[in-house]
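# Chain and residue survey
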Amino acid sequence: MKTGGTVTGVSGAVLADSSVARGQTSSREATGEFTLSAQAVIVTSGGIGGDHDLVRKAWPARLGTPPKRMVAGVPAHVDGRMLGITEAAGGQIINPDRMWHYTEGLQNWDPVWPNHGIRILPGPSSLWLDATGKRLPAPCYPGFDTLGTLKHLMATGHDYSWFVLTQKIIEKEFALSGSEQNPDLTNRSVRQVLQRVRPGAPAPVEAFKQKGADFVVAPTVEELVAGMNTLAGSSLLSAPAVKAVIESRDRQLTNPFAKDAQITAIRGARAYRGDKLIRVATPHRLLDPKAGPLIAVRLNILTRKTLGGLHTDLSARVLQSDGSPLPGVYAAGEAAGFGGGGMHGYNSLEGTFLGGCLFSGRVAGRAAAAAIA
Ligand SMILES: Cc1cc2nc3c(=O)[nH]c(=O)nc-3n(C[C@H](O)[C@H](O)[C@H](O)COP(=O)(O)OP(=O)(O)OC[C@H]3O[C@@H](n4cnc5c(N)ncnc54)[C@H](O)[C@@H]3O)c2cc1C
């Protein structure tokens, strides 16, 4: 990319046409060269989660050792290429160590993009074990603290962990992220949504249980653990040790004043009628045969959000390292760390990312239009 709004390998909105540069197609498979010129370029190419080498390179020490193996929670085009191009043109990238990855990633048995990972949006009841079979400490419970759990897991020296649950839990508590995994919501069908209240796992969840590479289903702990070790290609788990962890958790269920914070959280969640109906299974012993079979799910680290990005001012202009605007170049959305180069800080509030995309996009569009008017 050259400054003054001229580009090489452009992504984003191009407003008007005045100056000239030589460019290449935006695809990795070049289909030829083209010349593109513009008075203003808005970079809106997203983050870096599709390029795991870039993610590992930016991985901060506070999150431990970078995972060797990850699944991709974003399409392949989220490869950070335009960030590099904009940086080469003089734009400054700030806060590259800010990132948001999930710890409950599944390998998609029906992938839409390479190494496609699907995140489980879990209810609170699954027992969470690290790769060696130790229960995760409070408050690392399903759905509680994404980055805190990521930090804990990476300190174990292993880049995966396990949910241990029952058929009864999977039926109510596994939701899957991604529009194709939620046909009832994407079809806006009230009738289909109401089926979530009925017994049985939703069809996309059942398909993962049957076809997913990360699932083990077994009637006994011994068979379950044997399957988990086979799946992980290791002998890190011992059946008696895993059974002891499960029994210790199960014992707390009979105590109405349980000191187990996860059991307390499950009971608290069920105080809300909506969750009781479709989101949180009736508390039960994992070893209750009536709740079975037992299920173990290997959870992979799933890349998702890039919280740092191109440094921008309040008009979404991309800034250079000396603080001056890079002429004609704007950035918005995840490429700009959702605005400013990292407006979420080191953490974030789950589900608030699109707001920053829309807001920074509006600011960038208005500023660019005003500049060329
Ligand atoms: C499965 C999933 C679920 C999510 N759920 C939520 C949620 O519930 N709430 C929430 O707030 N956020 C959620 N997010 C995050 C949110 O969707 C993203 O942060 C947001 O879409 C980023 O928008 P963007 O326009 O900045 O970038 P993107 O949506 O990544 O769009 C970038 C565009 O640029 C194009 N592009 C990239 N590189 C080039 C290039 N070199 N040349 C040409 N074009 C290029 C791409 O094709 C793409 O069209 C979710 C993300 C995923 C993947």
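Residues numbered from 1 in each chain as written. Predicted model: local features only at pLDDT ≥ 70, side-chain atom pairs only at ≥ 80, totals over all residues. Heavy atoms only, no water.

## A look at the overall build of the protein
Heads up, the condition is: Strands here are runs of E lasting at least two residues and helices are runs of H or I lasting at least four, both read from the DSSP assignment and numbered beginning at the N terminus. Burial status follows relative accessibility: with a 1.4 Å probe on protein chains alone, a residue under 20% of its type maximum counts as buried, one over 50% as exposed, and anything between as partly exposed. Residues count as neighbours in contact if any of their non-hydrogen atoms are within 4.5 Å of one another. To measure how exposed things are, a 1.4 Å probe is used in the Shrake-Rupley method; for residues, cover is taken only from the protein chains shown. The charge count includes Lys and Arg as positive and Asp and Glu as negative, but it does not include His or the ends of the chains. For charged residues, the charge sits on one atom: NZ in Lys, CZ in Arg, CG in Asp, CD in Glu.
The helix and strand inventory of the protein stands at 12 helices and 16 strands. Counting only C-alpha atoms, the protein reaches 75 × 45 × 40 Å along its principal axes. A buried classification covers 49% of the 373 residues belonging to the protein. Nonlocal contacts in the protein, meaning residues at least 24 apart in sequence, comprise 72% of its contacts between residues at least 6 apart. Just so you have it, the protein exposes about 17000 Å², and 56% of that area is on carbon and sulfur atoms. Distance from the positive charge centre (39 side chains) to the negative charge centre (30 side chains) of the protein: 6 Å.

## Regarding a nonpolar patch on the surface
Put simply, the test is: Residues enter patches when they are more than 30% accessible in relative terms and free of salt bridges; like-charged ones are connected within 9 Å and nonpolar ones (Val, Leu, Ile, Met, Phe, Trp, Tyr) within 5 Å. A pair is scored as a salt bridge if a Lys or Arg side-chain nitrogen falls within 4 Å of a carboxyl oxygen belonging to Asp or Glu.
The grouping of Val-190, Leu-194, Val-197, Leu-277 and Ile-278 at the surface amounts to a nonpolar patch, some 440 Å² of accessible area in total. Within the residue set of the nonpolar patch, elements represented by two or more residues are helix H6 (190–194) and helix H11 (273–278).

## Concerning the domain arrangement of the protein
Our working definition: What fixes the domain bounds is an automatic or database domain assignment. In short, buried area is how much 1.4 Å probe accessible area vanishes from two parts on joining, totalled over both. Under this grouping Gly is polar, as are all residues other than the nonpolar Ala, Val, Leu, Ile, Met, Phe, Trp, Tyr, Cys and Pro and the charged Asp, Glu, Lys and Arg.
For the protein, the assigned domains are domain 1 (13–100 + 305–372) and domain 2 (123–302). Inter-centroid distance (C-alpha atoms) of domain 1 to domain 2 is 35 Å. Roughly 1200 Å² of surface becomes buried between domain 1 and domain 2 when both sides are summed, with 62% attributable to carbon and sulfur atoms. In terms of surface lost to domain 2, no three residues of domain 1 exceed Leu-63, Arg-69 and Val-71, which account for 43% of the buried area on that side. The tally of links from domain 1 across to domain 2 stands at zero salt bridges. When its residues are assigned to classes, the side of domain 1 that touches domain 2 shows nine nonpolar, four polar and four charged.

## With respect to the packing of aromatic side chains
Heads up, the condition is: The criterion for an aromatic pair is that two Phe, Tyr or Trp rings (for Trp, the six-membered ring) have centres within 6.5 Å, with stacked assigned to planes under 30 degrees apart, edge-to-face to planes over 60 apart and tilted to the rest. Look at NZ for Lys and CZ for Arg. If either is within 6 Å of the ring centre and within 35 degrees of the ring normal, a charge sits over the ring.
Throughout the structure, instances matching the rule amount to seven aromatic pairs. Relative to Phe-144, the ring of Tyr-141 has its centre 5.4 Å away and its plane inclined at 90°; by these criteria the two rings are edge-to-face. Relative accessible area serves as the criterion here: at 7%, Tyr-141 is assigned to the buried category. Assessed through its relative accessible area of 44%, Phe-144 is described here as partly exposed. Grouping aromatic residues by their ring pairs yields a cluster made of Trp-100, Tyr-102, Phe-338 and Phe-353. Cation over ring: Arg-98 sits above Tyr-346, and NZ or CZ is 4.5 Å from the ring centre.

## Remarks on the confidence of the model for the protein
Residues shown with low pLDDT carry predicted positions that ought not to be read at fine detail. Rule in force here: pLDDT is a residue-level measure of predictor confidence that goes from 0 to 100.
Predicted confidence across the protein gives a mean pLDDT of 90, with 91% of residues reaching 70 or more. In the model, residues 7–28 has pLDDT below 50 throughout and makes 82 contacts with residues more than four positions away in sequence or in other chains.

## What about the pattern of salt bridges?
As enumerated under the stated definition, the model contains 11 salt bridges in all. Between Arg-62 and Asp-97 there is a salt bridge, and its shortest N-O distance comes to 3.1 Å. You can see Arg-62 sitting in the loop between helix H1 (52–58) and strand E5 (71–72) and its partner Asp-97 sitting in the loop between strand E6 (93–94) and strand E7 (99–107), a full 35 residues away along the chain. With its nearest N and O atoms 3.9 Å apart, the salt bridge here joins Glu-350 to Arg-119. Here Glu-350, found in the loop between strand E16 (325–331) and helix H12 (353–372), pairs with Arg-119, found in strand E8 (residues 117–122); they are 231 residues apart in sequence, far enough to count as distant.

## Overview of the pairing of E8
Counted only if it meets this: When DSSP locates at least two bridges between a pair of strands, those strands are taken to pair.
The buried fraction of E8 is high, at five of six residues. Summarising the sheet, E7 and E8 pair through three bridges and their orientation is antiparallel. Bridge pairing in E8 places Gln-107 opposite Gly-117. As defined by bridge partners, E8 adjoins strand E11 (residues 174–176) across three bridges and the pair is classed as antiparallel. Following the sheet pairing, Leu-121 is matched in E11 by Ala-175.

## Concerning the nonpolar core
Convention followed: For this analysis, a nonpolar core means a set of buried residues of the types Ala, Val, Leu, Ile, Met, Phe, Trp, Tyr and Cys, connected via side-chain atoms within 4.5 Å.
One finds Phe-174, Met-228 and Val-297 to be the most contacted residues of the largest nonpolar core, which totals 41 residues. For Met-228, the contacting residues outside a window of four places in its chain are Trp-162, Val-164, Val-216, Leu-237 and Ala-296. Listed in part, the 31 residues of the second largest apolar core include Leu-83, Trp-100, Leu-307 and Ala-335.

## Notes on the side chain of Thr-166
By the secondary structure assignment, Thr-166 is in strand E10 (residues 160–166). Judged by relative accessible area, Thr-166 falls into the buried class, the value being 0%. Apart from residues no more than four positions distant in its own chain, Thr-166 is found in contact with His-284, Leu-286, Ala-291, Pro-293, Leu-294 and Ile-295.

## A short note on the packing of helix H9 (residues 239–253) against helix H10 (residues 261–269)
Think of two packed helices as two axes; the pair is described by the angle between the axes and how far apart they sit. Our working rule: Lines fitted to C-alpha atoms define the axes here, with helix axes fitted over just the stretch in contact, and angles between the N-to-C directions of these axes take values from 0 to 180 degrees. Relative orientations are named as follows: roughly parallel for angles under 35 degrees, roughly antiparallel for angles over 145 degrees, roughly perpendicular for angles from 65 to 115 degrees, and oblique for any other angle. Note: crossing handedness is left-handed where the near helix turns anticlockwise from the far helix by less than a right angle, and right-handed where it turns clockwise.
Where H9 meets H10, the axes come as close as 9 Å, and the angle between the chain directions of the two elements is 50°. The angle between H9 and H10 falls in the class oblique. Crossing of H9 against H10: the hand is right-handed. When H9 is examined against H10, the residues Arg-249, Gln-252 and Leu-253 are found in contact with a partner set consisting of Ile-263, Ile-266 and Arg-267.

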